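Overview (structure and organization)
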Amino acid sequence: MAALSSPPSLRHLLLLRPRLPLSPTCPAGSFSRRHIHSRCRLFSSAASSSTLTHGDAASTHGDADGVVDVNPPRGTRDFPPEDMRLRTWLFDQFREVSRLMAFEEVDFPVLESEALFIRKAGEEITQQLYNFEDKGGRRVVLRPEITPSLARLVIKQGKSVSLPLKWFTIGQCWRYERMTRGRRREHYQWNMDIFGVPKVRAEAELLHAIVLLFQRLGITSSDVGIRVSSRKVLQAVLNMYYIPEHLFTEVCVIVDKLGKMTREEIEKELVSTGLSSEAVQGIINVLSLKSLSKLEEVLGSGVEAVADLKKLFSFAEQYGYADWICFDASVVRGLAYYTGIVFEAFDREGKLRAICGGGRYDRLLSTFGSEDIPACGFGFGDAVIVELLKEKGLLPDMSRQIDDIVFPLDEELEGPASSIASSLRKKGRSVDLVEDKRLKWVFKHAERINASRLILVGNSEWERGMVRVKILSTREEFEVKAGELE
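From a predicted model like this one, the values you see are computed outputs, not experimental measurements.

Across the sheet, which stays open at both edges, the 8 strands sit in the order 2-6-7-12-11-10-8-9 with mixed pairing between neighbours. Among the strands making up the open sheet, the edge pair consists of strand 2 (104–105) and strand 9 (325–327). As judged from the 4 bridges shared by strand 10 (residues 341–347) and strand 11 (residues 356–360), these two strands associate in the antiparallel manner. Along strand 11, the bridge assignment pairs Val342 with Gly359. Packed on one face of the sheet, helix 5 (residues 147–157) meets strand 6 (165–174) and strand 7 (186–195) and runs near 40 degrees to strand 7. Taken strand by strand, helix 6 (residues 201–217) contacts strand 6, strand 7, strand 8 (224–230), strand 10, strand 11 and strand 12 (375–381), and its axis lies near 20 degrees from that of strand 12.

What follows is the structure, encoded as structure tokens:
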């Protein structure tokens, strides 16, 4: 490698690249005017129809001129390169935490049988399905959540897999629901689930994974907390008032609306199920408790729910995340299949909806006609966490970054430039091979994509088997043998 004592000036290099002639079939300026006019028509039409696309009415997909609405369907997202880089980064964080926890990745089709998600529990989710009949007459659905798909795969695998199973997935979910900040009609969700561990250790591991992720993202326990309770708390209260077992799931769905509806509305819905006023007041009072010791006073130390929660909080001390979790009896989660400990993460400023949530579901498999296996898991969506990271100023720099730009200064050097680009890519470097541009444009392009090096292939250098390298961060220039480029 030989450094040059007096590198040529930018003006000199610019003169090395002649201006390309315009095509005789495209007079100067004619293409750009037509192109701009066409683009203006397209986006003017898109803007005029945006009130339909983003309002309550159905969006239009074209007009008399055949121009297509460029907005995605209401509640869905495009991922241009900068957004895709953020999504990839976040998914990489999900995968790394899963690896640290020794989980294996699985996946399922986003299109599932409708029967997998239709339950008779009055769950809100059953009213939010994107469901339809396919061309074969089968009732199908775009999955609204992932756990039933996971359960289906566990049943399908049967005895070919040994317990415990520790699986994770990152998949897209669809719900036709009212949109708020951090809530869309589609989102990606990170699920971690453990099958075959009946003890609270499984929940402790899952909570550890959630805390690990927050810590990797720069979020602290002063930013986020995790509310913890158990479905068995509500079951114990119902037993105290001799409420029939078949009402349990319906009551869970109603009390999950605490905080979303007024206390009077919750009480009215509970009374409508046939509960006495005394039972309703007892349920509301217990679910207002925020202290595990107070819960123990009400239910007694011998109740399974109390024992499970005390064990979990003991594990939290040993793992070192006790300051992240708190007891809140009002947490029951809205899905019918939960049977034990439940939890959800929240931002302590209260600006966002739940960041993630999950719990134990020991009896889900039997609802699909299989033998039950103890299980627990959580779902962690991509939308709310990104909102939180924005709020806290924790989003990473997602600028595009490229290792090298290779640029031939003459048309006859395009072959050698291709060879150099190929060699560098084989060595693991990202290379943008640029042709038919002015050098001034190339320098601006290098700034836009944060390229580390500019490799110029010029005639005088190439005749000596050399290329010129410019380190863009320092402006250092030197020549190097083409075969020695690293």
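Anyway, onward from the coordinates.
Within the structure shown, the criterion is met by 15 aromatic pairs. Ring centres of Trp190 and Phe378 lie 5.2 Å apart, and the angle between their planes is 85 degrees; this geometry places the pair in the edge-to-face category. With Trp190 in strand 7 and Phe378 in strand 12, the pair connects residues that are 188 residues apart, well separated along the chain. One exposure class covers both Trp190 and Phe378, and it is buried. Taken together, the ring pairs connect Phe79, Phe91, Phe94, Tyr188, Trp190, Phe214, Trp324, Phe378 and Phe380 into an aromatic cluster.

With respect to topology, 3 strands assemble into an open sheet ordered 3-5-4, the strand pairing being antiparallel. Two strands in the sheet have a free side with no partner beyond their single neighbour: strand 3 (111–113) and strand 4 (130–133). When the angles between neighbouring strand axes are averaged without regard to direction, this sheet yields 35 degrees. As judged from the 3 bridges shared by strand 3 and strand 5 (residues 139–142), these two strands associate in the antiparallel manner. By the bridge assignment, Glu112 is partnered in strand 5 with Val141.

Below, the discussion takes up helix 15 (residues 439–448). Looking at helix 15, one finds that the buried residues are Leu439, Val442, Phe443, His445 and Ala446. Buried residues along helix 15 cover an arc of 160 degrees about the axis, so they all sit on one side. Residues of helix 15 that are exposed and point over 90 degrees away from its buried face: Lys440 and Glu447.

For the bond from Leu163 to Pro164, the omega torsion is 0 degrees, close enough to zero to count as cis. For Tyr242, which is not glycine, the phi torsion reads 55 degrees and is therefore positive. For Tyr242, the location among the structural elements is in the loop between helix 7 (231–240) and helix 8 (248–255). According to the relative accessible area criterion, Tyr242 is exposed, its value standing at 75%. Positive phi, close to 55 degrees, is recorded for Asp436, a residue that is not glycine. Structurally, the position occupied by Asp436 is in the loop between strand 14 (431–433) and helix 15.

Note that Asp193 resides in strand 7. The buried charged residue Asp193 lacks any salt bridge partner; its closest oppositely charged side chain belongs to Arg360, at an N-O distance of 10 Å. In this view, Asp193 contacts Phe103, Thr147, Leu150, Leu165, Lys166, Trp167, Tyr361, Cys376, Gly377 and Phe378; residues no more than four positions away in its chain are not counted.

Here is what the cut-offs are and how they apply
- Sequence positions are assigned chain by chain, starting from 1 and proceeding in written order.
- Two thresholds apply to this predicted model, a pLDDT of at least 70 for residue-level local features and 80 or more for giving and counting side-chain atom pairs, whereas whole-chain, interface and lining totals are computed over all residues.
- Neither water nor hydrogens contribute to the side-chain values; these are computed over all heavy atoms in the structure.
- Pairing between strands is defined by DSSP: at least two bridges between the two strands are required.
- Numbering goes from the N terminus for both helices and strands, where a helix is a DSSP run of H or I of at least four residues and a strand is a run of E of at least two.
- Whether two residues are in contact is decided by their heavy atoms, any of which lying within 4.5 Å being enough.
- Lines fitted to C-alpha atoms define the axes, with helix axes restricted to the stretch in contact, and inter-axis angles between N-to-C directions lie between 0 and 180 degrees.
- Within 6.5 Å between ring centres, the rings of Phe, Tyr and Trp (the latter by its six-membered ring) count as paired, and their orientation is classed by plane angle as stacked under 30 degrees, edge-to-face over 60, tilted in between.
- The buried label applies to any residue whose accessible area, calculated with a 1.4 Å probe on protein chains only, is under 20% of its type's maximum; exposed applies above 50%, and partly exposed to all values in between.
- The arc under discussion is defined with respect to the helix axis, by the directions toward the C-beta atoms.
- Neither His nor the chain ends contribute to the count of charged residues, in which Lys and Arg are positive and Asp and Glu negative.
- A side-chain nitrogen of Lys or Arg and a carboxyl oxygen of Asp or Glu constitute a salt bridge if their distance falls within 4 Å.

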